[in-house]
Amino acid sequence: MKNIFYTIICCLISLTSLAQSDFGYENPDGRDPREEGMQRDSTKEQRYVPHHRLTWKWVHDGVYKEFYQIDTLQDGLQNTNLIFKHSVSNTYLGNFPAPYVSDIYILRPRGEDFLPQDRLRDYFFKPEDALDYNTTTPFTQLSYFNGGGRGKTEDWLDVWHIQNIRPYWNAGFRYNLISSDGAYSYQKSKTYNFSFFSSYEKDRMAVSMFINQNMAHITENGGIENLADIRDTSLDPKVVGTRLAMEPKNNLMNFNFKALAQYNIGNPKEIITQKDSATIDTTITYPMKFALALKAEDNRYSFKEESVEEGFFSDTTYIKQGNSDMIKNRKYEIDAKFILNEHPKYKYLPGVYAGLKFKYLSYDQRVSLDTINNRGTSKYTGTYLTAGTFNMDSTTMFNFDIWGSFCLAGDYSADYSLEGRIIQYLNKGRNSSVTVHALLETQTPNHYYLQYQGNHNQWKNSFDKIHAYNLRGHYTNKRLRTEVGVALNNTKNYIYFDTTAMPRQYDGNLMVFTAWAKQIFRLGHFYFDQKVYYQVTNKEKILPLPQVALHSHNYYQNRFFKQALGFQIGIDLFYNTSFYANAYDPAIMQFYNQEIEKTGNYPKMDVFVTLNIKRADLFVKYEHFNEFFGSRDYFSAYTYPINPAKVKFGIRWNFFD
């Protein structure tokens with residue numbers, strides 16, 4: 001991998017003369033990305049084309065656009081573990097990449113139809129993560145991060161390329177590879193994905209397409225055999241004994257295809273908006289449109305072991321050697337809707353839409369204990385009525401988006417979801433706002449909880465529907481760099497894995513209260529970026545959570561040599577209070593409850609330096625440097641320590657032409 005990296009760098013060195021500064025720390029005014037202006041096209045007549053890019057996502061598969069900015073900021077580059085970009089605290093296996101679950105309840109995903117994906121979701125790239133682009137010049141981003149040293153190497157290569165083939169037709173691809181030997185024995189893991197995406201938008205027609213494949217290969221070591229080897233000694237991690245030594249592996253494949261087509265109906269209207277004294281924004285709107293979304297997903301999960309280590313697995317049903325537990329899943333969705341757009345003249349007149357969605361799922365797996373190869377296929381269908389209303393006009397002080405679905409027929413009959421988001425802006429610049437989000441839903445339990453037959457785990461359950469009532473609100477002030485919020489989640493018939501790694505359903509109400517605050521303090525060139533979460537649950541034995549979790553990101557930042565060099569030096573601190581963090585079952589790649597030992601109350605600290613030279617960002621980080629002083633009780637999941645101290649470095653390079 002290092003040879004590949006050095007070859008790429010040598011090939012790109014000659015291009016540095018093309019690089020211009022794209023350095024920026026933040027977007028303090030919360031400006032609409034459209035204000036950058038797509039005023040020039042990539043035509044042959046233009047000798048020089050300023051680089052502009054417009055980036056958006058179609059909300060609710062075609063209802064309206066939500067605009068984004070591509071991440072080219074220097075700040076945060078050193079935080080290479082994707083799960084800690086999403087959540088300040090996680091229960092995970094210490095390695096990167098590795099199965100994980102967020103310790104912040106409100107940041108946990110709602111759940112994939114194919115449940116094993118939840119344990120690796122942040123390492124996967126899926127249609128709901130993809131954006132559409134329009135760029136006047138080709139955009140390429142190359143990132144490479146490395147750390148750990150010989151025998152413990154951690155590599156991450158991420159390559160993007162996006163360009164407009166025509167002013168109205170864009171195409172791009174992404175290749176992402178994360179590979180790690182692991183600090184401890186039998187811990188090697190790898191995830192990678194390749195994606196191709198394209199969008200076309202001209203006159204009445206808009207079409208976008210996304211196709212990709214995600215792969216994961218996780219070697220399981222079962223955790224540390226003797227916890228005192230970590231707490232009381234300074235042994236080399238490679239000589240620390242692990243509970244599994246025959247290298248069983250979890251493998252997960254995920255394939256996705258999505259196509260979205262929209263056709264605008266009615267007479268077009270040209271809307272001219274005066275942004276300021278020198279800038280005019282011109283858009284074309286239609287009174288209504290039809291949208292059709294097609295999705296296909298294929299999943300395969302397997303747990304393979306050459307030889308069973310019976311001292312670790314308390315239950316072995318089938319065979320002692322050459323076992324492979326496998327589940328296959330396919331999902332198809334067709335979603336058609338008719339949309340009446342927001343009225344361009346009457347700003348507070350909302351848009352509305354309604355449609356039908358058909359969903360098909362199949363699961364192929366072992367279905368009984370009679371024989372090894374006794375497999376069967378379960379099929380599930382649902383026909384949903386979908387509807388919503390929205391007003392997301394960027395010139396108004398009040399926005400809302402309310403959407404819902406109800407299953408009319410099929411195996412998910414009577415399932416429903418009603419969800420809404422309201423945003424009240426508090427000043428004309430829209431720099432401060434109050435946002436309220438609410439959810440009311442009833443859902444059929446995931447098939448994975450209902451039936452599973454593996455070599456070490458078996459269950460067959462009949463669970464009731466899950467009812468959720470969630471309310472969340474937060475205040476944001478972009479000028480002051482402040483966010484504070486509270487959330488209340490109430491779930492009836494919550495499903496979890498008990499202390500025997502078996503799925504159970506709690507027939508009462510499980511409630512979680514969460515409060516959080518995010519604040520960036522600035523003193524000259526010193527920045528103190530703080531994120532803290534406080535959470536309480538009424539059933540700690542069912543849902544153990546740390547009461548407090550935080551990330552303290554503190555750094556000095558400046559530019560030198562006539563603004564040519566951006567410099568940042570700082571310390572990151574991650575911390576959560578002690579709690580009964582989950583144990584982990586390799587045979588099903590799931591976390592489950594344990595009441596043996598608490599983990600947490602340990603600060604993990606990293607020191608880093610980042611540099612920006614034109615369009616290249618570089619960093620060097622000494623991760624977990626506090627391993628050498630204070631407590632050595634640095635476990636994440638039960639029996640799984642986080643990685644010991646290591647040096648990491650990396651580069652991210654942007655090319656705009």
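Throughout what follows, the structure given in this document is the object of discussion. What you see is a predicted model; the values in this text were computed from it and never measured.

Some remarks on the environment of E597
Here is step 1: One can find E597 in the loop between β30 (590-592) and β31 (604-613).
Here is step 2: Classification of E597 by relative accessible area gives partly exposed; the value is 21%.
Here is step 3: Sequence-distant contacts of E597, defined by excluding residues within four places in its chain, comprise L227, R231, Y580 and Y638.

A look at the environment of Y638
Here is step 1: Tracing the backbone shows Y638 in the loop between β32 (616-623) and β33 (646-655).
Here is step 2: Since its relative accessible area comes to 18%, Y638 is described here as buried.
Here is step 3: Remark: the alpha-carbon pair of Y638 and G223, spanning 415 residues in sequence, is separated by 7.9 Å.
Here is step 4: Excluding anything up to four places from it in sequence, Y638 contacts L227, A581, N582, A583, Q594, I596 and E597.

Comments concerning the side chain of T537
Here is step 1: Its place among the elements puts T537 in strand β26 (residues 526-537).
Here is step 2: Taking relative accessible area as the criterion, T537 reaches 12% and is therefore assigned buried.
Here is step 3: Within the local environment of T537, its side chain forms a polar contact with the backbone oxygen of M511, the two atoms lying 3.3 Å apart.
Here is step 4: Contacts of T537, omitting those with residues within four sequence positions, involve L510, M511, V512 and L543.

What about the pattern of salt bridges?
Here is step 1: Under the criterion given, the structure shown has 34 salt bridges.
Here is step 2: With a shortest N-O distance of 3.7 Å, K331 and E297 are connected by a salt bridge. Of this pair, K331 sits in strand β15 (residues 321-340) while E297 sits in strand β14 (residues 288-307), placing them 34 residues apart in sequence.
Here is step 3: Exposure remark for K331: the relative accessible area of 15% places this residue in the buried category.
Here is step 4: The buried category is assigned to E297, whose relative accessible area is 9%.
Here is step 5: A network of salt bridges, in which partner residues are shared, links E112, D113, R121, K126, E128, D129, E297, K331 and K359.

Some details on the nonpolar core
Here is step 1: Among the nonpolar cores identified, the biggest contains 66 residues, and L120, Y123, L252 and Y448 are the most heavily contacted of them.
Here is step 2: Each residue touching Y448, except ones within four places of it in the same chain, is listed here: L115, P116, I327, W459, F497, I588 and Q590.

Some remarks on the sheet that holds strand β1 (residues 53-59)
Here is step 1: Sheet architecture is open: three strands sit in the order β2-β1-β5, paired in antiparallel fashion. For this open sheet the edge positions go to β2 (64-68) and β5 (132-135), each flanked by a neighbour on one side alone. Sheet twist, expressed as the average angle between the axes of neighbouring strands with direction ignored, equals 35°.
Here is step 2: Direction of pairing for β1 relative to β5: antiparallel, over a ladder of four bridges. Bridge pairing in β5 links L54 to N134.

Looking at the packing of aromatic side chains
Here is step 1: If you walk through the whole model with that rule in mind, you get 38 aromatic pairs.
Here is step 2: Aromatic side chains Y100 and Y123 sit 6.0 Å apart centroid to centroid with 85° between the ring planes, which places their arrangement in the edge-to-face category. Here the residue Y100 occupies a position in strand β4 (residues 100-102), and Y123 occupies one in the loop between β4 and β5, the gap between them amounting to 23 residues.
Here is step 3: Here a set of aromatic residues connected by ring pairs shows up, and it is made of F96, Y100, Y123, F145, W156 and F619.

Description of the pairing of strand β27 (residues 548-560)
Consecutive residues of a regular strand have side chains that alternate between opposite faces of the sheet.
Here is step 1: For β26 and β27, the ladder comprises nine bridges, and the chain directions are antiparallel. If you follow V532 over to β27, its bridge partner there is L550.
Here is step 2: Pairing geometry for β27 and strand β28 (residues 565-576), over 12 bridges, is antiparallel. Counted as the bridge partner of N558 is F567 from β28.
Here is step 3: Here β27 folds back onto β28 in antiparallel fashion, the turn holding four residues, of which F561 has a positive phi close to 55°.

Looking at a nonpolar patch on the surface
Here is step 1: On the surface, I571, V607, V620, Y622, F628, F629, V647 and F649 cluster together to form a nonpolar patch covering roughly 690 Å² of accessible area.
Here is step 2: Looking at the nonpolar patch, the elements with two or more residues in it are β32 and β33.
Here is step 3: With respect to the helices and strands, the residue F629 is situated in the loop between β32 and β33.
Here is step 4: Judged by its relative accessible area of 48%, F629 falls in the partly exposed class.

A closer look at the environment of I423
Here is step 1: Mapped onto the elements of the fold, I423 is located in strand β19 (residues 416-425).
Here is step 2: Classification of I423 as buried rests on a relative accessible area of 8%.
Here is step 3: Along the chain, I423 and N399 lie 24 residues apart, while their C-alpha atoms are 5.0 Å from each other.

Considerations on unusual backbone geometry
Here is step 1: With omega at 0°, the peptide bond leading from F96 into P97 counts as cis.
Here is step 2: Position of P97 among the secondary structure elements: in the loop between β3 (90-92) and β4.
Here is step 3: Despite not being glycine, A501 shows a phi value in the positive range, around 65°.
Here is step 4: Tracing the backbone through its elements, the reader meets A501 in the loop between β24 (482-497) and β25 (503-523).
Here is step 5: In this structure, Q563 takes a positive phi of about 70° despite not being glycine.
Here is step 6: Along the chain, Q563 turns up in the loop between β27 and β28.
Here is step 7: Relative accessible area serves as the criterion here: at 52%, Q563 is assigned to the exposed category.

About the cut-offs
- Residues numbered from 1 in each chain as written.
- Predicted model: local features only at pLDDT ≥ 70, side-chain atom pairs only at ≥ 80, totals over all residues.
- Heavy atoms only, no water.
- Helix = DSSP H or I, 4+ residues; strand = E, 2+ residues; numbered from the N terminus.
- Buried < 20%, exposed > 50% of the residue type's maximum accessible area, 1.4 Å probe, protein only.
- Contact = heavy atoms within 4.5 Å.
- Polar contact = N/O pair within 3.5 Å; in protein donor to acceptor, adjacent residues only side chain to side chain.
- Salt bridge = Lys/Arg side-chain N within 4 Å of Asp/Glu carboxyl O.
- Core = buried A, V, L, I, M, F, W, Y, C linked by side-chain atoms within 4.5 Å.
- Pairing = 2+ DSSP bridges.
- Axes fitted to C-alpha atoms, helices over the stretch in contact; angles between N-to-C directions.
- Phe/Tyr/Trp six-rings, centres within 6.5 Å; stacked < 30°, edge-to-face > 60°.
- Patch = residues over 30% accessible without salt bridge, like charges linked within 9 Å, V, L, I, M, F, W, Y side chains within 5 Å.
- Areas by Shrake-Rupley, 256 points an atom, 1.4 Å probe, with all protein chains shown as cover.

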